[in-house]
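Remarks on the overall topology
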Amino acid sequence: MDLLANLNPAQRLAVTSTEGPVMVMAGAGSGKTKVLTTRISYIIKELGIIPSKILAVTFTNKAAKEMKDRISSMLDINTSFMWVSTFHSFCARVLRMEIEAMPPYTKRFVIIDEEDSLKLVKDILKECELEYKPKEIKHLISKNKNFKNFSIKDPRLLDVFLLVNKKYEDRCKEENLLDFDDLIIKTIELFEKNPKILEYYQNQFEYILVDEFQDTNALQYDLMAMLAKKHKNLFVVGDDFQSIYSFRGAKIENINKFQEDYKDYKLILLEENYRSTTQILNLANNIIIKNPNQIKKVMFSNKKEGPLPKYYRAMSSYDETVFVINKILEGIRKGKDYKDFAIMYRANSISRSFEDQLVKNKIPYTIYGGLSFFARAEIKDMTAYLRLLVHKDDDYSFKRVINMPKRKIGAKILDSLNMIASEKGLPLYDAIEYYTGSGIGASNLKEFKKVLDDIREKMEDLPLPLILKELVDKTGYEEEIKKDEDTYLDRMDNIKEFSSVLKETEEEYEGITHFEMLENLLFDLSLRSEHDDSKSDESVRLTTFHQAKGLEFDTVFMVAMEESIFPGLNVESNQDMEEERRICYVGITRAKNELYLTNAENRMRFGTTEYMVPSRFIGEMDKELYQNVSRGAKTKSPVNQGYSIAKAKFTVKKEEPKEAPSVSYSIGDKINHKAFGDGLVVAVSGTTITVAFKAPFGVKQLNGNHPSIRKI
Ligand code: ATP
Ligand code: MG
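Residues numbered from 1 in each chain as written. Chains lettered and ligands numbered in written order. Predicted model: local features only at pLDDT ≥ 70, side-chain atom pairs only at ≥ 80, totals over all residues. Heavy atoms only, no water.

An unreviewed UniProt entry lists the protein under the name DNA 3'-5' helicase, with Anaeroplasma bactoclasticum as the source organism.

The next subject is the pairing of strand E21 (residues 688-693). Most of E21 sits out of view: five of its six residues are buried. One ladder, built from six bridges, connects strand E20 (residues 677-685) with E21; its direction is antiparallel. Paired with Val 684 across the strands is Ile 689, a residue of E21. Connecting the antiparallel pair E20 and E21 is a turn made up of two residues, with Gly 686 showing a positive phi of about 60°. (Buried < 20%, exposed > 50% of the residue type's maximum accessible area, 1.4 Å probe, protein only. Helix = DSSP H or I, 4+ residues; strand = E, 2+ residues; numbered from the N terminus. Pairing = 2+ DSSP bridges.)

This paragraph deals with the packing of aromatic side chains. All told, the structure shown has 23 aromatic pairs when counted by the stated rule. Summarising the aromatic geometry, the rings of Trp 83 and Phe 205 are spaced 5.1 Å apart at their centres and angled 80° between planes, so their arrangement reads as edge-to-face. Linking Trp 83 in strand E3 (residues 83-86) with Phe 205 in the loop between helix H9 (195-204) and strand E6 (207-210), this pair joins segments that are 122 residues apart in sequence. Of the residues examined, Trp 83 reaches a relative accessible area of 6% and is grouped as buried. Judged by relative accessible area, which is 1%, Phe 205 ranks as buried. Their ring planes at 85° and their centres at 5.3 Å tell us that Phe 241 and Tyr 585 sit as a pair that is edge-to-face. Of this pair, Phe 241 sits in the loop between strand E7 (234-238) and helix H11 (253-261) while Tyr 585 sits in helix H24 (residues 574-588), placing them 344 residues apart in sequence. Both residues of the pair, Phe 241 and Tyr 585, count as buried. Through a chain of ring-to-ring contacts, three or more aromatic side chains come together here, namely Trp 83, Phe 90, Phe 191, Tyr 200, Tyr 201 and Phe 205. Against the face of Phe 109 rests Arg 96, its NZ or CZ located 4.0 Å from the ring centre. Of note, Lys 424 hangs over the ring of Tyr 434, and the distance from its end group to the ring centre comes to 4.5 Å. (Phe/Tyr/Trp six-rings, centres within 6.5 Å; stacked < 30°, edge-to-face > 60°. Lys NZ or Arg CZ within 6 Å of the ring centre and 35° of its normal.)

Here we take up the pattern of salt bridges. The final tally for this structure, using the stated rule, is 45 salt bridges. Close ionic contact of Glu 189 with Lys 186 constitutes a salt bridge, the shortest N to O distance being 3.7 Å. Of this pair, Glu 189 and Lys 186 both sit in helix H8 (residues 180-193), three residues apart, roughly one helical turn. Residues joined in a network through salt bridges with shared partners are Asp 113, Glu 115, Asp 116, Lys 380, Asp 381 and Arg 400. (Salt bridge = Lys/Arg side-chain N within 4 Å of Asp/Glu carboxyl O.)

Here the UniProt-annotated "binding site: ATP" (unreviewed entry) positions come out as Ala 26, Gly 27, Ala 28, Gly 29, Ser 30, Gly 31, Lys 32 and Thr 33. Note on placement: Ala 28 falls in the loop between strand E1 (22-26) and helix H2 (32-45). Apart from residues lying up to four places away in sequence, Ala 28 is in contact with Asp 239, Gln 242, Asn 273, Arg 275, Met 299, Tyr 585, Thr 589 and Arg 590. For Thr 33, the position within the fold is in helix H2. Discounting residues that sit within four places of it in the chain, Thr 33 has contacts with Arg 70 and Asp 211. (UniProt positions renumbered as here; feature names shortened; annotations may be inferred. Contact = heavy atoms within 4.5 Å.)

Residues in close proximity to ligand 1 total 19 residues, the closest being Lys 32, Thr 33, Gln 242, Glu 552 and Arg 590. The backbone of Lys 34 places a nitrogen or oxygen atom 2.8 Å from an oxygen atom of ligand 1. At 2.5 Å, a side-chain N or O of Glu 552 approaches an oxygen atom of ligand 1. A total of 640 Å² of accessible area belongs to ligand 1 in isolation, and the protein chains cover 85% of it. The greatest single-element share of the shell around ligand 1, amounting to three residues, is contributed by H2. A breakdown of the residues in the shell around ligand 1 according to their chemical character gives three nonpolar, nine polar and seven charged. (Near = heavy atom within 4 Å. Polar contact = N/O pair within 3.5 Å; in protein donor to acceptor, adjacent residues only side chain to side chain. Areas by Shrake-Rupley, 256 points an atom, 1.4 Å probe, with all protein chains shown as cover. Nonpolar A, V, L, I, M, F, W, Y, C, P; charged D, E, K, R; others polar.)

On to the packing of H8 against H9. Across the interface, H8 lies against H9 with an axial gap of 5 Å and an inter-helix angle of 110°. By the angle class used here, H8 and H9 are roughly perpendicular. Mapping the contact onto sequence places Leu 190, Phe 191, Glu 192 and Lys 193 in H8 and Pro 195, Ile 197, Leu 198 and Tyr 201 in H9. Along the lines of polarity and charge, the residues of the contact of H8 with H9 split into six nonpolar, no polar and two charged. (Axes fitted to C-alpha atoms, helices over the stretch in contact; angles between N-to-C directions. Parallel < 35°, antiparallel > 145°, perpendicular 65-115°, else oblique.)

This part takes up unusual backbone geometry. Trans peptide bonds make up the majority, and among non-glycine residues the majority have a negative phi. Cis geometry is adopted by the peptide bond preceding Pro 104, which originates at Pro 103 and carries an omega value of 5°. Summarising the element assignment, Pro 104 is placed in the loop between helix H4 (87-98) and strand E4 (110-112). The residue after Met 404, namely Pro 405, is reached through a cis peptide bond having omega 5°. Position of Pro 405 relative to the elements: it lies in the loop between helix H16 (395-401) and helix H17 (411-424). Even without being glycine, Asn 176 reaches a positive phi, approximately 60°. Summarising the element assignment, Asn 176 is placed in the loop between helix H7 (155-175) and strand E5 (177-179). Phi is positive for Lys 232, close to 55°, though the residue is something other than glycine. Following the sequence through the fold, Lys 232 ends up in the loop between helix H10 (218-227) and E7. Residue Lys 232 is classed as partly exposed on the basis of its relative accessible area of 39%.

If you check which residues of H11 are buried, you get Asn 254, Ile 255 and Phe 258. One side of H11 holds all its buried residues, which, seen down the axis, span an arc of 110°. The elements touched by buried residues of H11 are E1, H10 and E7. (Arc of directions from axis to C-beta.)

Spatial strand order, E3-E2-E6-E7-E1-E8: six strands in an open sheet with parallel pairing. Edge strands, defined here as strands with exactly one partner in the open sheet, are E3 and strand E8 (266-270). For this sheet, the mean inter-axis angle between neighbouring strands, taken without regard to orientation, is 15°. This element, helix H3 (residues 61-75), spans strand E2 (54-58) and E3 of the sheet and lies at about 155° to E3.

Scored by pLDDT, the protein has a mean of 86; 91% of the residues are at 70 or more. Predicted confidence in the protein is weakest over helix H26 (residues 641-648), with a mean pLDDT of 30, and strongest over strand E15 (residues 553-558), with 98. Between residues 530-535, whose pLDDT stays under 50, and residues either more than four places distant or in other chains, the model counts 22 contacts. Considering only residues more than four positions removed or in separate chains, one finds that residues 633-661, a stretch of pLDDT under 50, has 54 contacts. (pLDDT = per-residue confidence, 0-100.)

A few words on the packing of helix H12 (residues 278-288) against H24. Running from N to C, H12 and H24 point in directions that differ by 175°, and their axes come no closer than 9 Å. Judged on the interaxial angle alone, H24 and H12 are roughly antiparallel. Residue-level inspection shows Ile 280, Leu 283, Ala 284, Ile 287 and Ile 288 of H12 in contact with H24, the latter providing Arg 581, Arg 582, Cys 584, Tyr 585 and Ile 588. Looking at side-chain class alone, the contact of H12 with H24 contains eight nonpolar, no polar and two charged residues.

See the structure below:
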């Protein structure tokens, strides 16, 4: 197979310029990822480089998996051991081998996810009797790790932060834990403190490739620069239009930095879009040019023409879901697959209403974002049990399951167990042997160990799914979750699903011991970010715009396009607004053939039905670039440009919609709202007013002409 056959000249150049630093800057769908994967294949096939000499990194596990799939379709090699992964997985893999150079950490470290890490902060705050929001402090801890010039102005908050941060670090060290941020930081620290180790990896990676370069943060940049120092074969691809991770410290300036750091770099631009129809691309270009600080570049499509994107303003969020589902069913009838459709939104909470309807209509779906399969309590419990089977010294997992199911093993017993463990230098699990107390808790403790010891003994004889079954049966776990009838079946379903993961693992790692298989699996699992799911690909995707990065779908629904959701309420600066607009651009450019923009007039939020103003992004789009398919007659008075577009299409209607008389507001006006009570107008923009209501309602953006509002 000729790797270069289907590429255009610029793409071909990017694939074959294998030596030295190269940057590809190009719009969505121009084939950047395709070029990157083809280049890997080219280096292996044409230059004869062995795969382990190549390092490729990207942002989501999903994207990494797609990369591997693309490579194996070109080369017919086993890609499972290649260094093609997310930044986090790469770091975890290095640390798994090298972390003992940084005591007290050991190879057996446990990677904790967001939820666990938040819980740790919560515990520390409680211990110190500090009344702060755990999320807020956790956010600061994370910011401190990711932003180089992080500072806290409030002296009291600073004190609290310093204290909790220190304790957090100590606890992680004591219990051999790393959070997601640590993975990158510790790897950099490792390399900085151990030049020999760094040198080893510099030699190892002759070719380094980075996808979605615009979203790397300063640390990730440093890491790649460190590794590329010897061979300097650093290939980065990105699109400044799609920079959407500044909240995680992503630095668009990395693009400039690259240009300064590698003066002799080669810049390659790709201008042709292979993904989307002209109609979709026009809309994308139309929105992104509204960003004043964006470098102007326009993409063109050579794909066939397609239908205009469609805009639907629904009466209610329910109506919105029905519209979307009907369009999906229509598509299926025309021969499309479920996986051709993606429903995208700005905020995770939006997925719920769609899920209900998808279930009712028996449409299979997969969610990216939200609570994923591997973040569910029962799966984490089972994972902890398996960890403890494999590594008796995993005190962290021990603590997770010691009272799950409830065994009446109280703080007193655990304290003495702790004492024994530290006196004898044993893990908690082994300390049970020496525990001499009596009573129900004590005998349950012994029983706990016995059950696990028994299963461990049989481990090599039992297929992996049966090991799981033993755990669920013999530890009394199933009995425990049965107590909650509402969730029991769901949870057991999840455990069954997990069982199939174990089965797959067995097939994947054939030829090694069960112990080793589990070790591999647990390592893989700890890196599943909260956004990955295990379900099959034959389903409709529900995803945030962020998680959809790099992916493409035949038909995309951008839903809940409403002010205060997208853009969100906490968008303060112009810079933030520009980032929101880029998110909109990312959403639009995921679509290959059909694009729908939808929103709802009324949406149930925080327990009340709110009137929702259409997203300003709808208003910003030239109206000839999309078709309004809203049910016109039901719409109310215009509130912004987006709205007046909706109105402009009503001319087909015989009756003019009745409009509420226009009321004008100014800052400082007092108003009354039927649902939220009295409030104060704090900002006015056209007919959109921002009103501060009393708690619990807070600040809301409303249509000033809405009948539920009156001036007082
Ligand atoms: P994004 O910025 O969204 O990540 P991208 O630049 O990485 O986009 P790809 O995902 O690599 O774009 O490519 C978009 C689509 O165009 C893919 O389906 C890819 O197979 C196709 N494509 C890219 N280049 C060509 C080409 N030369 N001929 C035919 N199809 C192509
Ligand atoms: Mg890409």
